[in-house]
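Working through the structure, step by step
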Amino acid sequence: MDEEETMLVKEEGEETIIVLPQLLKLKRSQWWILVFISIFFLISAQAVAVLLGRFYYDKGGNSKWISTLVQTGGFPILYLPLCLLPPSSSSSSCLSSLKTLVCIYVSLGLAIGLDNLLYSLGLLYLSASTYSLISATQLAFNAVFSYYINSQKITFLILISVLLLSFSAVLISLDDDSDTPSGDSKLKYLLGCLCTLVASLIYSLQLSLMQYSFEKVLKSETLSMVLEMQIYTSLVASCVSVIGLFASGEWKLLSVEMKEFHEGQVSYVLTLVGTAVSWQFGSVGAVALIFLVSSLFSNLIGTLSLIVTPLAAIAVFHDKLTEVKMVAMTIAFLGFAFYIYQNYLDDLKVQSARETQDD
Ligand SMILES: Nc1nc2[nH]cnc2c(=O)[nH]1
């Protein structure tokens, strides 16, 4: 085996167990490059998607089912990179029967569809600040699920990292100057809080289950598994959104919404297409991080994106850059650095364990 191959280290009690990586054929340097590319995709694309989503609502868009659909509906663009990558390993297709694959994709797809709907409702009924405040709980939920479902060891560095990122999200939300809902929409406000809380719970569970599927069921060694996971779960989630769009009758209002969009019809279509494409790039980044590192790390980077989005809003929507925002971002980057340092330490352990093995 190549000396630079990547491995993950999990510690149980005093013992150090070396767990074979998902991507056996990847060199460590390639692994780090892929991790940083995925981080870049997740942070930048999710920020663009959230800002475009806000633009859609600001300029007269009002359909919760369309907002839900664009979060997954752009999946056909992923067929192009899927064709360029080598197919997922034969071992995975032997080991996992078609039935198991369908089961995984349908259940995760349904969870994603539900999460996306709740996410859209949360954004519709709550101010951005309250939304981010409640969303910050997803890191804590994820830490619990990762511990029980993925046997993730919560080291001191990981714990500090999760706490710093959560604290930073809370700071950002307290500083947000967007409107709070008026008194007569109290019920909608409570509904928004509940939807966001349940969405955070479902999102964290879904990430942990995805990691479990990669590690324990699919056991794939190729990156095309990441795209397949994203494509098929998005297909199921998009079906849920299309059914919702027709069942709710919202589809009848779309032509009016398009005509009345403040920036014109072309802008309406471009906004939705842009949002759908951005969500796909962001989601591929998120799934790739689950595959390469862990669900908790993916969630942490997603939360980091939540925190840097106000930075982009300063440029696009001319929001104010306050001191609190700057402090929150500094804390968030510190938390991120702690987790990256933990990954680096794991990497060193793998190296020394390998050297001991070779001796
Ligand atoms: N609940 C929830 N759903 C998402 N879908 C994509 N990102 C997120 C997120 O951060 N939270």
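Rules behind the numbers
Residues numbered from 1 in each chain as written. Predicted model: local features only at pLDDT ≥ 70, side-chain atom pairs only at ≥ 80, totals over all residues. Heavy atoms only, no water. UniProt positions renumbered as here; feature names shortened; annotations may be inferred. Helix = DSSP H or I, 4+ residues; strand = E, 2+ residues; numbered from the N terminus. Buried < 20%, exposed > 50% of the residue type's maximum accessible area, 1.4 Å probe, protein only. Contact = heavy atoms within 4.5 Å. Areas by Shrake-Rupley, 256 points an atom, 1.4 Å probe, with all protein chains shown as cover. Axes fitted to C-alpha atoms, helices over the stretch in contact; angles between N-to-C directions. Parallel < 35°, antiparallel > 145°, perpendicular 65-115°, else oblique. Left-handed = near helix turned anticlockwise from the far one by under 90°. Nonpolar A, V, L, I, M, F, W, Y, C, P; charged D, E, K, R; others polar. Expected span 1.5 Å × (residues − 1). Bend = angle between axes of the 7 residues up to and from the residue. Salt bridge = Lys/Arg side-chain N within 4 Å of Asp/Glu carboxyl O. Phe/Tyr/Trp six-rings, centres within 6.5 Å; stacked < 30°, edge-to-face > 60°.

In the nomenclature of an unreviewed UniProt entry, the protein chain is known as Probable purine permease of Arabis alpina. The record in UniProt for the protein chain states the following under Subcellular location (unreviewed entry): "Membrane".

Re the overall build of the protein chain
Each helix and strand in the protein chain was counted, giving 14 helices and 2 strands. Counting every position in the protein chain, which comprises 359 residues, the buried fraction comes to 51%. Considering only contacts within the protein chain whose residues lie at least 6 apart along the sequence, 85% involve residues at least 24 apart. Here the protein chain has roughly 17,100 Å² of accessible surface; of this, 69% comes from carbon and sulfur atoms.

Details of the packing of helix α8 (residues 156-175) against helix α13 (residues 295-316)
Relative orientation of the contacting elements α8 and α13 amounts to 30°, with a least axis distance of 10 Å. Judged on the interaxial angle alone, α13 and α8 are roughly parallel. Regarding α8 and α13, the two cross each other, and that crossing is left-handed. In this structure, α8 uses I158, S161, V162, L165, S168, A169 and I172 to contact α13, whose residues at the interface are L296, L300, T303, L304, I307 and P310. Tallied by class, the residues present in the contact of α8 with α13 amount to 10 nonpolar, 3 polar and no charged.

Some details on helix α9 (residues 186-218)
In an α-helix there are 3.6 residues to a turn, and that puts residues three or four apart on one side. The end-to-end C-alpha separation of α9 is 45 Å, in line with the 48 Å expected for 33 residues at 1.5 Å each. The largest bend along α9 measures about 25° and falls at Y212. Positive phi shows up at K219, right after α9, with a value of about 45°.

Focus on the pattern of salt bridges
Within the structure shown, the criterion is met by 2 salt bridges. We note a salt bridge from K59 to E263, for which the minimum N-O separation is 3.5 Å. Residue K59 is located in the loop between α1 (28-58) and α2 (64-69), and its partner E263 is located in the loop between α11 (254-260) and α12 (265-292); the two are separated by 204 residues in the primary sequence. On the basis of relative accessibility, which here comes to 23%, the residue K59 falls in the partly exposed class.

Concerning the packing of aromatic side chains
According to the stated counting rule, one finds 15 aromatic pairs in the structure shown. Ring centres of Y119 and W279 lie 5.8 Å apart, and the angle between their planes is 80°; this geometry places the pair in the edge-to-face category. Separated by 160 residues along the polypeptide, Y119 in helix α5 (residues 98-125) and W279 in helix α12 bring together distant segments of the chain. Both residues of the pair, Y119 and W279, count as buried. Here Y341 and Y344 contribute two aromatic rings whose centre-to-centre distance is 6.2 Å and whose plane-to-plane angle is 25°, an arrangement assigned as stacked. Taken together, the positions of Y341 and Y344, both in helix α14 (residues 323-358) and 3 residues apart, correspond to about one turn of that helix. Look at Y341 and you get partly exposed, because its relative accessible area is 43%.

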